[in-house]
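Examining the three-dimensional arrangement
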Amino acid sequence: MPRRNEYDLICIGSGPAGQRAAIQAAKLGKKAAVVEKQQCIGGVCIQTGTIPSKTFREAVRRLYTQPHLDDDTDTDVYAPRIRPTMPQLISHVGRVIQREMHIISDALGRNDVELVHGLASFVEPHTVRVETVHGHRLLTADHILLAVGTRPSKPQSVEPDGQTVGCRTFYPVSANSSAVLVSGC
Ligand SMILES: Cc1cc2nc3c(=O)[nH]c(=O)nc-3n(C[C@H](O)[C@H](O)[C@H](O)COP(=O)(O)OP(=O)(O)OC[C@H]3O[C@@H](n4cnc5c(N)ncnc54)[C@H](O)[C@@H]3O)c2cc1C
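These numbers were taken from a predicted model, which means no experiment stands behind them. (Residues numbered from 1 in each chain as written. Predicted model: local features only at pLDDT ≥ 70, side-chain atom pairs only at ≥ 80, totals over all residues.)

Points about unusual backbone geometry
Even without being glycine, Asp 112 reaches a positive phi, approximately 60°. Its location among the elements puts Asp 112 in the loop between helix H4 (86–110) and strand E3 (114–117). According to the C-beta neighbour criterion, Asp 112 is exposed, with 11 such atoms within 10 Å. (Helix = DSSP H or I, 4+ residues; strand = E, 2+ residues; numbered from the N terminus. Buried ≥ 20, exposed ≤ 12 C-beta atoms within 10 Å, placed from the backbone.)

Written out as structure tokens, the structure is:
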């Protein structure tokens, strides 16, 4: 029977929800695509949330508890601990983010999940319009998963002003900071 729509499943959003759903569908023999509006893939998990925050924490912990981990020096020889600078930490986080993005993009590719970069919106229940840098594309699917994530809420009493920032702008801003106060966990 000819296929009614181009895909069995389109996932809007390449965060953990969208990418895993698309890969699982592909493993079950379905034709799946992921649409992502950002140039980077992986959603909050890779860009500003889970991976950056834990990489940051682990990088500091590792440098302080095992300062020789990255070199070949004899660990019995005393060496003063070198305090990492914020740009070094940020650059380490950046390398981990790049590696994680490659892992996701490989996983999508290996499972024949098409990754479409662009902003998705509905035209009708089974048709999504994707605004890409090369114009727009219309994609059709039997099922469309909204995996668009969330937006952080802003406390009424706190105004972001460049010094006080939300979690999504923390990493770029923190490169020039020597100390930070974190509110909320
Ligand atoms: C600081 C921080 C630390 C965290 N730490 C942890 C942790 O340690 N462990 C843990 O389990 N979770 C953690 N989380 C939570 C975790 O990051 C989220 O639960 C997870 O990313 C949600 O995944 P998602 O796929 O639902 O959405 P998201 O990761 O938000 O992805 C949604 C994607 O959809 C895209 N999108 C939105 N609208 C459109 C559109 N119209 N067209 C195309 N694309 C669109 C967005 O660009 C985004 O890439 C943390 C979050 C934060 C902020």
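Text resumes after the structure shown.
Focus: the site of the ligand
In the vicinity of the ligand there are 25 residues, among which Gly 13, Gly 15, Gly 43, Gly 49 and Gly 149 approach most closely. Elements that contribute at least two residues to the shell around the ligand include exactly helix H1 (16–27), strand E2 (32–36), helix H2 (43–47), helix H3 (50–65) and strand E4 (119–124). Taken together, the residues of the shell around the ligand sort by class into 11 nonpolar, 11 polar and 3 charged. (Near = placed C-beta within 6 Å. Nonpolar A, V, L, I, M, F, W, Y, C, P; charged D, E, K, R; others polar.)

A short note on the sheet that holds strand E5 (residues 127–132)
Where strands meet in a sheet, backbone hydrogen bonds hold them as pairs that are either parallel or antiparallel. Spatially, 6 strands are ordered E3-E2-E1-E6-E5-E4 in an open sheet, and the strand pairing comes out mixed. For this open sheet the edge positions go to E3 and E4, each flanked by a neighbour on one side alone. The average angle at which neighbouring strand axes cross in this sheet is 40°, direction not considered. Sheet topology places E4 next to E5; 5 bridges connect them, and they run antiparallel. Looking across to E5, one finds that Glu 124 is bridged to Thr 127. (Pairing = 2+ DSSP bridges. Axes fitted to C-alpha atoms, helices over the stretch in contact; angles between N-to-C directions.)

Here's the deal with the packing of H1 against H4
For the pair H1 and H4, the least separation of the axes is 9 Å and the interaxial angle reads 25°. When the interaxial angle is binned, H1 and H4 end up roughly parallel. Considering the relative orientation of H1 and H4, their crossing is left-handed. On H4, the residues touching Gln 19, Ala 22 and Ile 23 of H1 are Ile 104, Ala 107 and Leu 108. (Parallel < 35°, antiparallel > 145°, perpendicular 65-115°, else oblique. Left-handed = near helix turned anticlockwise from the far one by under 90°. Contact = placed C-beta atoms within 7 Å.)

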